[in-house]
Amino acid sequence: AMSDEFGSDNVWVIQLKAALEDTPMPSCLIDAALHMVRAVLKTKHGVLKIDVELLLNAVDEERENMEHRLRAACLSHYPVDYALAIYVYTLPEPAVFQLINGLLRSPDRMNKGGISPALKACLPFIKFLDVALASLPKSFRFEGEAFRGVKWVYPSPDDHDV
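(A) Up close: the overall build of the chain. A tally of regular secondary structure across the chain gives 6 helices and 4 strands. Sequence-distant contacts, at least 24 apart, represent 66% of the contacts inside the chain between residues at least 6 apart. Total accessible area on the chain is roughly 11,000 Å²; 55% of this is exposed by carbon and sulfur atoms.

Here's what the structure looks like:
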C-alpha cells in the first residue's frame, strides 16, 4: 500500500499512466504537436498556449541541421523526429516545456475524476517525447540529478553568497 502522504498523487499517477497507455502513438512529431493547439494553461500571469506556427517553423528550420548532427554523432539510425521532439521541448519559445509542466502541476489537471482536456491535448506529444527519450542510445542517457539553466535572481554568481 502507498503512503497516505501521497494519496491523491498516487491516484493521479495511475490515471496519467493509464491515459498515456491509451493514447495512440503519433506517426510523427507534427501529428504529436498539432494536438497541443487545444492545450491552454491559465496562470497568474495570464494564459499560456503554444503558437503552433512558431513551433512548426522551429521544426522546419532545425530539421536539416538535426539530420547533420545525428550523422556526425553516428546516430543516423535515430529518428530525426525523435531528436526534434527533444529539441522542441527544450526551446524557450514556443515554451512547450512550460505548458506541459504547468499542466502536469496544475490543481486543475484532473477533471471529474479524469485527466483535464488541456492535459489530454498534450498526451500525444508527451507520449512521443517519452518514446524519443526511451529510444536514445544508453550512452546518451543520464541518471541522476539535473538542473535546468535559469537566470539568477541575485546580482551576479560571484555575489551570490555575500
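(B) Expanded view of the nonpolar core. Core analysis: the biggest nonpolar cluster contains 38 residues, and Met36, Tyr78, Val96, Cys122 and Phe125 have the highest contact counts within it. Residue assignment for this core shows that the elements contributing at least two residues are α1 (7–22), α2 (29–34), α3 (52–72), α4 (80–90), α5 (96–105) and α6 (117–134). Among the elements that line this core, the one with the most residues is α6, at 10 residues. Those residues in contact with phenylalanine 125 that sit more than four places away from it in its chain are Leu29, Ala32, Ala33, Met36, Ala85, Val88, Tyr89, Val96 and Ile100.

(C) Examining the side chain of threonine 23 more closely. For threonine 23, the location among the structural elements is in the loop between α1 and α2. In terms of polar contacts, threonine 23 uses its side chain to reach the backbone carbonyl oxygen of alanine 19, at 2.7 Å. Setting aside anything within four residues of it in sequence, one finds threonine 23 in contact with Leu123, Pro124 and Lys127.

(D) Summary view of the pattern of salt bridges. Enumeration over the complete set of coordinates arrives at 2 salt bridges. The closest approach of N and O atoms between arginine 69 and glutamate 62, which form a salt bridge, is 3.4 Å.

(E) Fine view of unusual backbone geometry. At the junction of glutamate 93 and proline 94, the peptide bond is cis and its omega measures out at -5 degrees in the coordinates. Positive phi is not limited to glycine here, since cysteine 74 has a value of about 60 degrees. Taking the relative accessible area as the measure of exposure, cysteine 74 reaches 64% and is therefore exposed.

(F) Examining α4 more closely. Burial in α4 covers these residues: Val80, Asp81, Tyr82, Ala83, Leu84, Ala85 and Val88. Elements in contact with the buried residues of α4: α2, α3, α5 and α6.

(G) Main features of the packing of α4 against α6. Where α4 contacts α6, the two axes come as close as 9 Å, and the packing angle between them is 115 degrees. Accordingly, the angle class assigned to the pair α4 and α6 is roughly perpendicular. Considering only the axes of α4 and α6, their crossing is left-handed. Residues Asp81, Tyr82, Ala85, Ile86, Val88 and Tyr89 of α4 form the contact with α6, whose participating residues are Phe125, Phe128, Leu129, Val131, Ala132 and Leu133. Taken together, the residues that form the contact of α4 with α6 break down as 11 nonpolar, no polar and 1 charged.

(H) Structural view of the packing of aromatic side chains. Summed over all chains, the structure comprises 2 aromatic pairs. When the centroid spacing of 5.3 Å and the interplanar angle of 80 degrees are considered together, the rings of tyrosine 82 and phenylalanine 128 count as edge-to-face. Of the two residues, tyrosine 82 sits in helix α4 while phenylalanine 128 sits in helix α6, which places them 46 residues apart along the sequence. For tyrosine 82, a relative accessible area of 15% gives the class buried. The class for phenylalanine 128 is buried, based on a relative accessible area of 2%.

Rules used in this analysis
Residues numbered from 1 in each chain as written. Predicted model: local features only at pLDDT ≥ 70, side-chain atom pairs only at ≥ 80, totals over all residues. Heavy atoms only, no water. Helix = DSSP H or I, 4+ residues; strand = E, 2+ residues; numbered from the N terminus. Contact = heavy atoms within 4.5 Å. Areas by Shrake-Rupley, 256 points an atom, 1.4 Å probe, with all protein chains shown as cover. Core = buried A, V, L, I, M, F, W, Y, C linked by side-chain atoms within 4.5 Å. Buried < 20%, exposed > 50% of the residue type's maximum accessible area, 1.4 Å probe, protein only. Polar contact = N/O pair within 3.5 Å; in protein donor to acceptor, adjacent residues only side chain to side chain. Salt bridge = Lys/Arg side-chain N within 4 Å of Asp/Glu carboxyl O. Axes fitted to C-alpha atoms, helices over the stretch in contact; angles between N-to-C directions. Parallel < 35°, antiparallel > 145°, perpendicular 65-115°, else oblique. Left-handed = near helix turned anticlockwise from the far one by under 90°. Nonpolar A, V, L, I, M, F, W, Y, C, P; charged D, E, K, R; others polar. Phe/Tyr/Trp six-rings, centres within 6.5 Å; stacked < 30°, edge-to-face > 60°.

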